Amino acid sequence: HSAPLVPVLVSHMPHLDFMRTLLLVFLVALALPRTHVYGDDDELESETIRAPGWCSWFDQVYDDEKGASFPIVNNTRAQYVDMHACVEYIGEGPVCCSTAQQDSFTTKQAPAAAVFRYCPACLENFERFWCLFTCSPNQSLFLETVETFEYEGVSLVKSAVLTTKDSYAQAIYNSCMNTKYLGVLVVDYLFNGADTYKKFWSFQGLPSPFGSPLSITFNYTRDDIQTALSWKTHPCSDSCSCANCDLSCNIPPDDNDESWTWDIHITLNAVDLSSIILFLVVTVASLIVGIVLPIKVPPKKGWEEPLRGEDETAPDPPYEALPGDEAVPVPLPSQSKLPLVANVKGIQKVEVLLKRAFYHLAVFVARHPLYVIAVCVLLVGAISVGLIRMEVEEEPAKLWSAPGSRVTREKDFFDTHFDPYYRINQLIITAKDGGPMLNHRILDHVRDLQAEIQDLKIEDEHGNFSLNDLCYKPMGEEHGCLVETVLGYFWLDDAYNVSWNGDQCFTPQPYQSYEAIGDNDIVDHVVACSSNQVDLCCRNSIGAPQDPKVVLGGFSNDNFSTSRALLVTYLLNNREQDKDRAEIWEKRFSAIASREDPLLNIAFSAERSVEDELASESTTDVPTIVISYIIMFVYISIALGKYADIMRAFKCDQRELSHLLVRTKFGLGLAGIFVVVFALLMSAGLCSAIGIKATLIISEVIPFLVLAIGVDNIFIIVNHFERTDSTISLEERMGQTLSEVGTSIALASMAETFAFMLGWITGMPAVRAFAMYAAFAVLFDFLLQITLFVAILTLDARRCAGNRMDCLPCFPIAQRGKEFLRSEEGILRRAFRVFYGPWLMKKWSRILVVVLFAGIFFGCLGLSTHVGVGLDQRTALPRGSPLITYFDELNEYLDTGPMAYFVVKAANFSQVVNQNKICGLVKEPGSCSPDSLMNTLTEWYLVPERSGVATALSSWLDDFLIWVTVDTCINPMGVATDEHCDPDFDEMGRPTPETFKKCLPIFMDSQCSSTCPVCGLPYTSDVKIQDDGYVLSRFRFFHTVLKDQKDYIDKLRSAREISAQVHDETGLEIFPYSIFYIYFEQYLTIDETATLALGCAVAAIFVVTLLILGNIWTSLIIVLVVAMIEIDLLGVMYLWSINLNALSVVNMVMAVGIAVEFCVHVARKFTVSPGTRESRAIYALTDMGSSVFAGIFLTKFVGVIVLAFAQSAVFDIYYFRMYLAICLLGGAHGLVLLPVILSLIGPNPPQDGLNYAPLENVIYTKVVDASNGGVDVVGVEADANADADANADANAQVPEDN
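Residues numbered from 1 in each chain as written. Predicted model: local features only at pLDDT ≥ 70, side-chain atom pairs only at ≥ 80, totals over all residues. Heavy atoms only, no water.

S.K.: Let's hear about the overall build of the protein: which residues, and what values?
M.R.: Each helix and strand counted, the protein has 43 helices and 28 strands in total. Buried positions account for 58% of the 1298 residues belonging to the protein. Looking at the protein alone, contacts between residues at least 24 apart form 78% of all its contacts between residues at least 6 apart. Split by element, the accessible area of the protein, about 52000 Å² in all, is 57% carbon and sulfur. (Helix = DSSP H or I, 4+ residues; strand = E, 2+ residues; numbered from the N terminus. Buried < 20%, exposed > 50% of the residue type's maximum accessible area, 1.4 Å probe, protein only. Contact = heavy atoms within 4.5 Å. Areas by Shrake-Rupley, 256 points an atom, 1.4 Å probe, with all protein chains shown as cover.)

What follows is the structure in structure tokens.
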């Protein structure tokens, strides 16, 4: 949402029109002429005497025709006059200036002194130079008259040559080059941006409509030329603080480089190096173990023979012996075979209690399915009523920043005490041919475009309004709107005709078009104004100067004539009462800017544009998302069917296709999906009822999460139910099923619920909302699955038993005779048992898996430290959005950064001790602190690449302390009145507290003038005067150009570090603020937020699994694999250019839940099963892994693939890429790595009688008797010794498996 923040010179504008006048009038008094190159034809009336004690001219005459004073040519001896000016520099001896010249000097030097008083060394050097120039008794030695003219019989000087030592001229420039006024270098604003001493001196005679008509040529000589003008100078470091002298600054050291750079040009941080070392260690260890230690593996064909540990009395694993195509044994306990709590020791009693509870619950539900369904539906409806209070948080700032966060408090403070940041509407205009923009053809076209925009008249229920009613007016209502545009260099009237006459600003000439001006004059004028922004000829129509970098783009090395882009910016007030009107105007503005232009490419952004694009995006990808879920739903419904039996029946008699309608479970799958939907409704209803706002992230992520978890549990329940003995009662079958799998489902669901709930302790609102919605959704999904879904499964089983059609149970299928159907295991389960499991348990397979996954883990661990941070606003936009073009061109063409402030909370600044904490004036004992705000910020200003501070700050306090000492400022009319300040000063020269309280309000209302360049008007919106000397203020600066997310984050961090430094050194309550801070604060701690959320989730998983399983080793292994999935996900994020932000953090927290589903079921089955580690791993893979693969992996995979066709980059990056990575990583770790780890270092087989061997090794044959309309068990073949063997095995003590 962070809109482009265009720096605009706003409230500083009113005072600047006098500044160039100030200097030039001052130079008139000093007889500073314009630079003049004279030739051989120039003649003087007589030979000039050049000797010590002789003058080149003396006294002055005012020329009425030229409107200026000129010195009189008078090559005479220096004379004794009454000296009242320059005494400290010249003394009281003979001089070459008359009393009139001294009067002029005294009158005109005060404003200049005010400008340079920020640096006393500069002021002294500068004043001495011009005192010597004007009054030195040796004037004839260094000043030569070149050209004269006659006026009323008097010969007046027209041009001259000044000879000065090169080192002297350079030293004065060096002492003044860092002096700042209103935060801007004086040499930039008053001396045409002079970056060398020669430019500095030459500029002082440049033409001006109110400047001196004289011209002067500076002749620089060697130091050994004694006649050249020279004097000892003071470096600025003698008396100037850091704010006005770089030599007085202590540049902060750069100690942020934490990487190690080798001579082979490889840069590694500690994590990279550690990852490489650990991977090598794991690889070597795995190879050693594989070579030295033998590893037992089961037979290739699976479990044709029982697998035993070293003790042959150990029980067989509860496997299904492979009888070919004979029958399927059932390893589930009957009610009579459930372990008794009294026989169990330790914490494993939890699982026994859960087994019994789930058994009785399932039996009850199976007996009363309709009642259970009715109660569940009523509960769903009751809890979902909370949806009527549902609110969606759409304001981006409130998604990332908590209400009590630092940036939120600072924004509230800023908006409460100062005006809210204005609304920005901007055009970036380029030529279709890519050429330069400063020509009449382009400018005339841009003028027409601006005229259309600015003439918009809009009508609403309150009447008509236009831009003039909404715009920002820094110069006051009478001056009109501030529009930043290159056309501002050429005045436009109300009819948008150009009024311009070159340098003659007071006599503008009307033009119908820029073509009449001419391309050369256009370029020359813009280039001249770019280096002299305060010139009246360069002001826009409201009298405000313009920064060329705000209105021009695409230039190099400040060569503005080559600009390839024009920027036009409209600023609207951001008052709440005007918001609706402003949005209407912005909509019309966007409509005009979006039209195709035959000559121009126009990229645009209005304040409302991002929100509009996000709103349109919410509907753009709806079809893709719907298709994704439909595919998942269809797969789930189809995959639950028993297709082995269906195909077998189809092969027996192709005419009996009616079996398809009975054996499919499309209706059951659809019911399972409704269970997931009900859970989502209940979660949303409960969260809405307790006041937790929803977010768009929740609507996109939680359905994916809950569907994954819910579908996995559905597959597990249905698959286990299908493998129960169909000869026993339906209630008993349900009891056996839920007794066996209920604990596993509860373990996963509780771990996920508590893991998500702990996400509430994070500070990011988006993560907190997701955590609660997800936690309740998983919890309700679990509760509905063990009640509502079990009831529906019971009804579906009755439907199958009655040979009724799927989805249409009211229609039975007639059968002819009897048909034998053998209940075969599915293809997927058989593949896991016969092929995949045994292959995975081979010695070299396991070594390969360990080495491969260790390499992936340590590689991703190293990459995890390099994951980018931030969410590029272009990513959140739909593909093809015009805003993407705008942001691209903004990065390419804009050469300024956003405006920012340092806000200092109220303090008693009438006290000198508090003044010294801010000011940046002279450097002397008892004056401004070297660590003051102004000095500290200036130090950081000198290293913009690190600090992000591109401009120096201006200080209202410094200006006030100077203003109060200048007579022409405090008493501009020369008459003392009650409305003017009558200051008193203490022994340090500071205004007394009473003077401060009285004069500060007067200063704030003062306007700058030719007699007083220092005034308070520029600070009107930045200073809030409170009672008893307390002042609240803000200090404005501009950031450096910010191109990407890292730039924004780094500069926010730097600004806070600077404010912390100032606070530590001065005790001031200070904070930085810019409009983009609220969107980027989250990234300062995003790594901590992610670590906290994931750490709490993993800790919750460990605690819950430990409480339910009672095995700390299993819990540690689960946590290890989940953590590896998360680390690997971070590595994939780096490789796939996925940044760390709120979206990805939410997805990573969600990935914890998915990872638990991939791991917990297999790990629990391994833990509760007897036998060797290898056999238990194969059995866990077969019994649970196949359901996990079909229920989670395949479901999510087919759904995720569709998201690749989404139109927005945010879906492509943060949903398709991350979901696919989560799916692949979860499946690989849960179904490949986890079984290998369990087979190598898994827990020992269970003890204490908790786990059982096969309790009912029943081999059965089902007989379908169509004539009876049901199922009759006509033959049961049971192993007579199975029951006795099982009981014996259950009580056997299993030795440790090494």
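Still more to cover.
S.K.: Give a description of the packing of aromatic side chains that names residues and reports values.
M.R.: On inspection of all chains with the given rule, the structure shows 48 aromatic pairs. Among the aromatic residues, those joined into a cluster by ring pairs are W57, F126, F129, W130, F133, Y168, Y173, Y197, F200, W201, F218 and Y220. The ring of F413 has K905 lying over it, and the distance from NZ or CZ to the ring centre is 5.0 Å. (Phe/Tyr/Trp six-rings, centres within 6.5 Å; stacked < 30°, edge-to-face > 60°. Lys NZ or Arg CZ within 6 Å of the ring centre and 35° of its normal.)

S.K.: Can you lay out the state of the cysteines for me, pointing to particular residues and giving the numbers?
M.R.: Tallying each qualifying case throughout the model produces ten disulfides. Paired through a disulfide, C122 and C176 show a sulfur-sulfur distance of 2.0 Å. Around the S-S axis, the bridge from C122 to C176 shows a dihedral of about 105° and counts as right-handed. Here C176 lies in helix α6 (residues 166–176) and C122 lies in helix α4 (residues 120–135), a separation of 54 residues in the sequence. Classification of C122 as buried rests on a relative accessible area of 0%. Residue classification places C176 among the buried residues on the basis of a relative accessible area of 1%. Paired through a disulfide, C236 and C245 show a sulfur-sulfur distance of 2.0 Å. Judged by the sign of its S-S torsion, about 55°, the cystine formed by C236 and C245 is right-handed. Judged by relative accessible area, C245 falls into the buried class, the value being 0%. (Disulfide = S-S within 2.5 Å.)

S.K.: Any details on the packing of helix α24 (residues 696–722) against helix α40 (residues 1142–1168)? Residues and values, ideally.
M.R.: For the pair α24 and α40, the least separation of the axes is 9 Å and the interaxial angle reads 10°. As judged from the angle between their axes, α24 and α40 are roughly parallel. In contact with I697, V701, F704, L705, A708, I709, D712, N713, I716 and H720 of α24, α40 contributes L1143, V1146, N1147, M1150, I1154, E1157, H1161 and K1165. When the residues that make up the contact of α24 with α40 are grouped by side-chain class, the tally is eleven nonpolar, four polar and three charged. (Axes fitted to C-alpha atoms, helices over the stretch in contact; angles between N-to-C directions. Parallel < 35°, antiparallel > 145°, perpendicular 65-115°, else oblique. Nonpolar A, V, L, I, M, F, W, Y, C, P; charged D, E, K, R; others polar.)

S.K.: Hey, could you go over unusual backbone geometry for me, with residue numbers and the actual values?
M.R.: Of note, the phi angle at D1028 is positive, near 60°, even though the residue is not glycine. With respect to the helices and strands, the residue D1028 is situated in the loop between β22 (1023–1025) and β23 (1030–1038). The phi dihedral of S1137 falls on the positive side, at around 55°, and the residue is not glycine. Looking at the element boundaries, S1137 is found in the loop between α39 (1112–1135) and α40.

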